[in-house]
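Commentary on secondary and tertiary structure
Chain residues, written in single-letter form:
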Amino acid sequence: MSPIELNKRQDTILQIVKENGPITGEQIAERLNLTRATLRPDLAILTMAGFLDARPRVGYFYSGKKTMTTASESMMNLKVGDFQSLPVVVSENMTVYDAIVQLFLEDVGTLFVVDEGSYLQGVLSRKDLLRTSIGTQELTKIPVHIIMSRMPNIVYCKKSDLLIGAAKKLIERQVDSLPVVNETEKGLEIVGRLTKTNVTKAFISLAETHDL
Ligand code: ADP
């Protein structure tokens, strides 16, 4: 097993927890002037690799041992919820023109389409919008529900799913992103967005933590 190398932020977190643990994720984030969401991947990796222990309602504390957790063991524990991004959601009746503007404003590659109750109805990718743009001049008149990929053919995942399972869905279905949802009786509530970039970031975190 090679020595484990942490990135600078992970080192700082470890130092904070060593000196102040038990300490909550929220409190660590405050000390670093970052949001809890930004720290989530680092905390997940440090916990998976055995540097930190996490107790519900208590917080993180330094486990004091350099465990022999392998990269593959850590990988099999990473969850979608630790790496997901914020979703960008538009309504079914938004025009294709406005959806394109939204794509640029929010700087994302995929928009999720919801009905009036905010439940997932479809997905709009860059190429869905491009295809329509070269085929018609009426972009300000066509609502996105005409051109989107729609339920029940949308592939999605949940926060608690293993990241590796969601990554497989991205590759097998040849899509760039998955909506992260809560399954309810009324439909799928969108709580996040998992992209190939999120998976790539997790891959880099693993390499940094395990000195691959
Ligand atoms: P692009 O078309 O910009 O390369 P994708 O590869 O993500 O982006 O999308 C390919 C096609 O699959 C598009 O028609 C899109 O609407 C659809 N699509 C994208 N994401 C999903 C998903 N999670 N579930 C089902 N269909 C999807």
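The text that follows walks through the structure, step by step, so that each part is easy to find. (Residues numbered from 1 in each chain as written. Predicted model: local features only at pLDDT ≥ 70, side-chain atom pairs only at ≥ 80, totals over all residues. Heavy atoms only, no water.)

**Description of the sheet that holds strand β3 (residues 89–91)**
Let me state the cut-off plainly: A pair of strands counts as paired when DSSP detects no fewer than two bridges linking them. Secondary structure is summarised from DSSP: a helix means a run of H or I of at least four residues, a strand means a run of E of at least two, and numbering begins at the N terminus for each. Contacts: residue pairs with any heavy atoms within 4.5 Å of one another. Helix axes are fitted to C-alpha atoms over the stretch in contact, other axes to C-alpha atoms as well, and angles between N-to-C directions run from 0 to 180 degrees.
With mixed pairing, 4 strands are arranged side by side in an open sheet as β3-β4-β5-β6. Where the open sheet ends on each side, the last strands, each with one partner, are β3 and β6 (149–150). Taken together, the 3 bridges between β3 and strand β4 (residues 110–114) define a ladder with parallel strand orientation. Paired with V90 across the two strands is V113, which belongs to β4. Those strands touched by helix α6 (residues 96–106) are β3, β4 and β5 (120–125), and its axis lies near 130° from that of β4.

**Let's talk about the side chain of T95**
Operational definition: For this analysis, a polar contact is any N or O atom pair within 3.5 Å, provided that within protein one partner can donate a hydrogen and the other can accept it, and provided that sequence-adjacent residues contribute only side-chain to side-chain pairs.
Mapped onto the elements of the fold, T95 is located in the loop between β3 and α6. Among the polar contacts made by the side chain of T95, one reaches the main-chain amide nitrogen of D98 at a distance of 3.1 Å. Other than its neighbours up to four places away in sequence, T95 contacts L139, T140, I142, P143 and V144.

**A closer look at the site of the ligand**
This is how it is decided: Being near a molecule or strand, for a residue, means having at least one of its heavy atoms within 4 Å of it. For every accessible area listed, the method is Shrake-Rupley and the probe measures 1.4 Å; residues are considered covered only by the protein chains on display. Only protein atoms enter the 1 Å grid, on which a cavity is a set of points fitting a 1.4 Å probe that cannot get out and a pocket is an open set with protein on both sides within 12 Å along at least 5 of 7 lines, lining residues being those with an atom within 4 Å of a point. Just a note on the criterion: a molecule sits in a pocket or cavity if more than half of its atoms are within 2 Å of the grid points.
Neighbouring residues of the ligand: 15 residues in total, closest S125, D128, S149, V155 and D176. Between the ligand and the protein, one listed contact pairs an oxygen atom with a backbone N or O atom of R126 at 3.3 Å. In this structure, S149 approaches the ligand through a side-chain N or O atom, which is 2.6 Å from an oxygen atom. When the ligand is considered free in solution it has 550 Å² of accessible area, and contact with the protein chains removes 83% of it. Placement of the ligand is best described as lying within the second largest pocket.

**Some words on the packing of helix α1 (residues 8–20) against helix α3 (residues 36–48)**
Put simply, the test is: Each angle gets one of four labels, with under 35 degrees taken as roughly parallel, over 145 as roughly antiparallel, 65 to 115 as roughly perpendicular, and the rest as oblique. When residue character is reported, Ala, Val, Leu, Ile, Met, Phe, Trp, Tyr, Cys and Pro are called nonpolar, Asp, Glu, Lys and Arg charged, and the others, Gly included, polar.
Look at α1 against α3: their axes get within 10 Å of each other, and the N-to-C directions meet at 75°. Taken together, the axes of α1 and α3 are roughly perpendicular relative to one another. Counting all contacts with α1, which are made through R9, Q10, I13 and L14, the residues of α3 involved are T38, L39, D42, L43, I45 and L46. A breakdown of the residues in the contact of α1 with α3 according to their chemical character gives 6 nonpolar, 2 polar and 2 charged.

**Points about the environment of E92**
Here E92 shows up in the loop between β3 and α6. Separated by 52 residues in sequence, E92 and V144 have C-alpha atoms that sit 5.8 Å apart. Residues within four places of E92 in sequence aside, it is in contact with V113, V114, D115, Q121, P143, V144 and H145.

**Details of the packing of aromatic side chains**
We apply this condition: To pair, rings of Phe, Tyr and Trp, with the six-membered ring standing in for Trp, must have centres within 6.5 Å; the planes then decide the type, stacked if under 30 degrees apart, edge-to-face if over 60, and tilted in the middle. Any Lys NZ or Arg CZ that is within 6 Å of a ring centre and within 35 degrees of that ring's normal is treated as a charge sitting over the ring.
Tallied over the entire structure, the rule returns 0 aromatic pairs. Over the face of the ring belonging to Y62 we find K18, whose NZ or CZ atom lies 4.9 Å from the ring centre.

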